[in-house]
Amino acid sequence: MLDMKYIRENLEEAEKRLQTRGGSAYLAGFRDLDDKRRALLKEGEALKALRNAASEEIARIKDKSQAQDKILEMREVSQKIKSIDEELKLVDDQLSAFLLTVPNVPHPATPVGASENDNLELRKWGKLPQLDFTPKPHWEIGEQLGILDFERGAKLTGARFTLYRGAGARLERALINFMLDLHTDQHGYTEMLPPFMVNRDSMTGTGQLPKFEEDLFKLVDPDYLLIPTAEVPVTNIHRGEILKKSDLPILYTAYTPCFRREAGSYGKDTRGLIRQHQFNKVELVKFTHPSESDNELEKLTANAEKVLQLLEIPYRVMALCTGDIGFSAAKTYDIEVWLPGQDCYREISSCSTFGDFQARRANIRFREDEKAKPEFVHTLNGSGLAVGRTLVAILENYQQADGSVLIPAALRPYMGGLERITL
RNA sequence: GGAGAGGUGGCCGAGCGGUUUAAGGCAGCGGUCUUGAAAACCGCCGAGUGUAACAGCUCCGUGAGUUCGAAUCUCACCCUCUCCGCCA
């Protein structure tokens, strides 16, 4: 959520910056609602002050029959207050509902552009594998080795669900442990294991609600929603809290499955593991001092990159442009991994800073010093990494001419010493 | 699922219709004293909104209601704890 005061005082600038995302008239209607709200507030408060003073007076009069005039007068004032409050609540609800649907203002460093074609490539890492045979896509490798079963996944649930088997299941689990160990032991993150379903307040805090409900899986009876990313429960850990400045930055990592409806992506990536309704991810989340968030985004991205470096898989880092960043994000780096079986780079991690956008929604604050007023922290998060897509990258980059797949050296201890997956 | 108890400021905890601007304590901050520390004593010490600064207004789990006036009374919901049942 944007700062109302900022919008009020910088309406044109805010609108202009928002429009670099590609839409138009993001803030239309704000001025009217805001003026109306403030007028009602002022009127109501004046009447309440009057009533409070009169109530005190009535309290002091011992013989209440002497106070009848005042009481009758206040009865009318209270009626007036009630109707103003009702109207105010209506306007208030409209205004906050409106503000919750306005996306974040892009960071000044986010390159301006209309679509993913305008994203900037910042750096490349690793050598693309030179294969003396035609590389296969991971779904063929996985099916041939008997470690990925797409048909039975569909039988058990439906499209975009996959059954992992044997060394495939083990590899997924090895990757989860490998990533968590790296981030906790080497990068200073504290491991969390949060609930996989959350309430509406949590989804609103990070920005999934109210605008993106159709992307979420919902439970029927308690009104809970399955998390689309660990970002939601982990960022909401500190919802409504005032943190100690000395505790910042707070670094959390968490493994969770992620559940996404993928509404609107019918026919996209229908083969293989790339786009599933349920996938595993190890997430990195930070709560930082506002002055440190830019730095911390660089570090967080480097932490995610480290996973691919240790696995020795080539990748590149992209700076997303204003037209391609997510609703809550101010600035985003995508890490794209090389997939020889598909002859392209695919997103495997998305690392973002949200500025105070989520902190304002979720009311997460800190104090500059003991006596200072609380201020909003900055929140950041990134995949470290998407596990299923990492498994895809291993299958495609480490595939051999005979159909087997080598296990990256860093992962072998997590695979019981297994060096190669064969039929 | 059944029965009971309870949700008050960073924490503990009083208050159950009108000097409550939420008692008191702990923690925290500042000071006196001290070589220094501790102890003792004194002062400050929730959040939001608003103002040049005051003032004003709102907030005692959430929402509705009764009343001139609600932390306090009524109703609904949420959450926590205890016991019973069931259960990995």
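No experiment lies behind these values; they were computed from the predicted model shown. (Residues numbered from 1 in each chain as written. Chains lettered and ligands numbered in written order. Predicted model: local features only at pLDDT ≥ 70, side-chain atom pairs only at ≥ 80, totals over all residues. Heavy atoms only, no water.)

Draft legend 1. Just the confidence of the model for chain A, in detail. Mean pLDDT over chain A works out to 93, with 100% of the residues at or above the 70 mark. We note a pTM of 0.93 for the whole complex and an ipTM of 0.84 for its interfaces. (pLDDT = per-residue confidence, 0-100.)

Draft legend 2. Quick peek at unusual backbone geometry. Put simply, L248 and P249 share a cis peptide bond, and its omega is -5 degrees. Relative to the elements of secondary structure, P249 occurs in the loop between β7 (242-243) and β8 (250-259). Going from G384 to L385, the amide bond is cis rather than trans, its omega being 10 degrees. One can find L385 in strand β15 (residues 378-386). For E262, which is not glycine, the phi dihedral falls at a positive 55 degrees. Within the element layout of this structure, E262 appears in the loop between β8 and β9 (278-288). Unusually for a residue other than glycine, D269 sits at a positive phi of about 45 degrees. Mapped onto the fold, D269 is located in the loop between β8 and β9. (Helix = DSSP H or I, 4+ residues; strand = E, 2+ residues; numbered from the N terminus.)

Draft legend 3. Expanded view of the sheet that holds β9. The mixed open sheet is built from eight strands, whose spatial order is β1-β10-β11-β12-β15-β9-β8-β4. The sheet is open, and its two borders are formed by β1 (120-125) and β4 (190-192), each paired with just one other strand. Here the average twist between neighbouring strands, direction ignored, is 25 degrees. Alignment of β8 against β9, held across 10 bridges, turns out to be antiparallel. Pairing of C258 across the sheet is with F279, part of β9. Its contacts with the sheet put helix α7 (residues 167-186) on β4, β8, β9 and β15, and the angle it makes with β9 is roughly 10 degrees. In the packing of helix α12 (residues 387-397) onto the sheet, the strands contacted are β9, β11 (331-339), β12 (344-353) and β15, and the crossing angle to β15 comes to about 35 degrees. (Pairing = 2+ DSSP bridges. Axes fitted to C-alpha atoms, helices over the stretch in contact; angles between N-to-C directions. Contact = heavy atoms within 4.5 Å.)

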